Amino acid sequence: MLSLSDLQPPLAVVPILINTGAALLPALIAGVASLAAILFKPKELLRICRRHPGRAATVLLMIAGLTALIAFWPSGAGSPSPRSSSAAAHVSGTTDWTRVALELIKEEQRTRARGEVPLSLPSRSTEISPSSTASFATNFRGNFERTGYTGGPAPATLVPVWEYEEEFAMFLSSPVVHGGKVYATWCLLDPPHSYGAVVCLDTATGDLLWITEETAEGKPFKGIFSSPAVSGDGRSVVVGQGLHPDANCDVICLDALTGQIRWLAPTKLHVESSPAIEGGLVVVGAGAIESGADHRPSGHPGYVLGIDLASGRILWEHDVADPESSPAIAGGVAFIGSGFNGQSVVALRTDSSESLAAAGLSRELWRREAPHPVTGAITAAGNVVLAGCGNGDFVMAAKNPEGAVLAIDRETGALLWSVALPDAVLGPIAVRGNLAICPVRNGEVIALDLAKKGEIVWRQRISGTAAILGGPAVTDHLVYATSQDGYLGVLSLRDGSLLEKHYLNDPRRPGAMGMTLSAPFVSAGHVYVGSETGGIRVFTGQPYAP
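All figures in this text were calculated on a predicted structure; none of them were measured in a lab. (Residues numbered from 1 in each chain as written. Predicted model: local features only at pLDDT ≥ 70, side-chain atom pairs only at ≥ 80, totals over all residues. Heavy atoms only, no water.)

Moving on, we get to the pairing of strand β3 (residues 181-190). Here β3 lies mainly inside the structure; 10 of its 10 residues are buried. Side chains of β3 alternate between two faces, with Lys181, Tyr183, Thr185, Cys187 and Leu189 and Val182, Ala184, Trp186, Leu188 and Asp190 buried alike. Taken together, the 3 bridges between strand β2 (residues 176-178) and β3 define a ladder with antiparallel strand orientation. Of the residues in β3, the one forming a bridge with His178 is Lys181. With antiparallel pairing between neighbouring strands as the criterion, β2 and β3 make up a hairpin whose turn holds 2 residues, including Gly179 at a positive phi of roughly 60°. Here 10 bridges tie β3 to strand β4 (residues 193-202), and the two strands are oriented antiparallel to one another. (Buried < 20%, exposed > 50% of the residue type's maximum accessible area, 1.4 Å probe, protein only. Helix = DSSP H or I, 4+ residues; strand = E, 2+ residues; numbered from the N terminus. Pairing = 2+ DSSP bridges.)

Here it is as structure tokens:
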């Protein structure tokens, strides 16, 4: 689970001068309330400046006017005091926000003159034809085997193709590729708040097709950790909203073509879980807000929602302790992990409440206890459900780390086997053939043999002890995985040997928080992956020949 209180990078400071002659300030409170709010969110201010130059100009001209008023207000003294001289010197060394706004406006005018379209608007409009869409939804990691691979050549000897960055933002979630487009989310931390957005990019060029970062009423999205899912017809993108301390967050459904909001499904809590789509049903978990070392919930303990994809109507809810996990759906049953205070895997029938009542059935089919919290995505492979667990989280390692992988019979909930591992398994486990590829928080990628009750086949590190937090992408012969310090590793599926690795973060801003936990996505000879400071990175290469 991702806790905002543990992720507080150094912030720039926007100075505010208060002159003794500013007795007029109370009368201006109503006019500058929104201005003051922005000033205390410097990253949000810069984001607004870059994204909406016109809106920023108004705000920054207010800053200039207020500063001039204060500067020329008679102070009643013939000469400045040492304090006021120091303050004036301090102002002279700060950013001239008015000039920044004017330069941004000029740049937008130059952009329009060149015939280009600003980033705040879609740069193209591409129709989605029925023949270009898949018959099945593209869920978190592409499918419920969590391979992160949708076909085509598996590239090696990687070279960069394009990148897309958003100032100050981290791409924590896994991108999804569907119908020639990349759908991704970002998270911007500006304590005490966070902000998020969903973006749609062209797979070939990285051009921004659309970005949605606020509701129709202008309310900004909260930070997003959840990864998007795309409906089978390619027309809807569904994602959760909110980080661990957030409450009253929505499940968001967007038009895949335009980015317009189709519906918002409200929850009492936050939605770090990545939604699962099966036909016309969306299943997702709303996680608990915990406090203290014992992780006791401060409010509702958490629940799972079933939502109608077409309308956003909540069809059913079922209490599950801390379901931060991303569910898998198979055979009319949704499988989801229960984290702190639950420590289990839960199977829920997805039928309507009315049909269950008529048949005399309960929502919960079975529950299998786990030795540790289950916060990672559930993997469904044939008749087996795989769940990783551990006593660490995405931000903090446990003092005495432990982890495990559980293999559970999909229909009965019986434990088939379990394997203890040296640390938590937080990212999704990818299954290819008889191999289960597990990301482990101690820095290892570990391959288990499903046919031999989880016997370890190989284990490999990408960047020393840097944790592997995101799930691996697995093709016929290669494994792609990221380390929390910002490296993408390419491994041999056969023996785990490290073939190559590439740095993902911006070299000018190495990831100080170790939050590169985006899971790579491989499609049509390209690798798409997010990072802490380097945005979305895309690579291609030569088809791998073992």
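That covers the picture; the talk isn't over yet.
Quick look at the pattern of salt bridges now. One pass over the structure, following the stated rule, counts 11 salt bridges. Here Arg537 makes a salt bridge to Glu163, at a shortest N to O gap of 2.8 Å. In this pair, Arg537 is assigned in strand β34 (residues 536-543) and Glu163 in strand β1 (residues 155-164), connecting sequence segments 374 residues apart. Here Arg537 falls in the buried class, since its relative accessible area comes to 13%. (Salt bridge = Lys/Arg side-chain N within 4 Å of Asp/Glu carboxyl O.)

In this structure, Val283, Val304, Phe335, Val345, Val374 and Ile378 are the most contacted members of the largest nonpolar core, which totals 29 residues. Contributing elements (two or more residues each) for this core: β11 (281-286), β16 (328-330), β17 (333-338), β18 (344-349), β21 (384-390) and β22 (403-409). Membership of the second largest hydrophobic core comes to 19 residues, among which are Trp186, Leu208, Ile211 and Val538. (Core = buried A, V, L, I, M, F, W, Y, C linked by side-chain atoms within 4.5 Å.)

Before going further, it helps to examine the environment of Ile289. With respect to the secondary-structure elements, Ile289 resides in the loop between β11 and β12 (290-291). Given a relative accessible area of 15%, Ile289 falls into the buried group. Taking C-alpha positions, Ile289 is 8.2 Å from Asp322, a pair spaced 33 residues apart along the chain.

Taken together, 4 strands build an open sheet; the order of strands is β20-β21-β22-β23 and the sheet is antiparallel. Because the sheet does not close on itself, it has two edges, and the strands there are β20 (379-381) and β23 (415-421). Averaged over all adjacent pairs, the angle separating strand axes in this sheet is 20°, with direction ignored. Inspection of the sheet shows β22 paired to β23 by 6 bridges, in the antiparallel sense. Note that in β23 the partner of Leu406 across the bridge is Ser418. (Axes fitted to C-alpha atoms, helices over the stretch in contact; angles between N-to-C directions.)

A few words on the sheet that holds strand β33 (residues 526-529). Spatial strand order, β1-β34-β33-β32: 4 strands in an open sheet with antiparallel pairing. Only two strands of the sheet have a single partner each, and these edge strands are β1 and β32 (521-523). The average undirected angle you get between the axes of adjacent strands in this sheet is 25°. Pairing of β32 with β33 involves 3 bridges; the strand directions are antiparallel. Following the sheet pairing, Ser523 is matched in β33 by His526.

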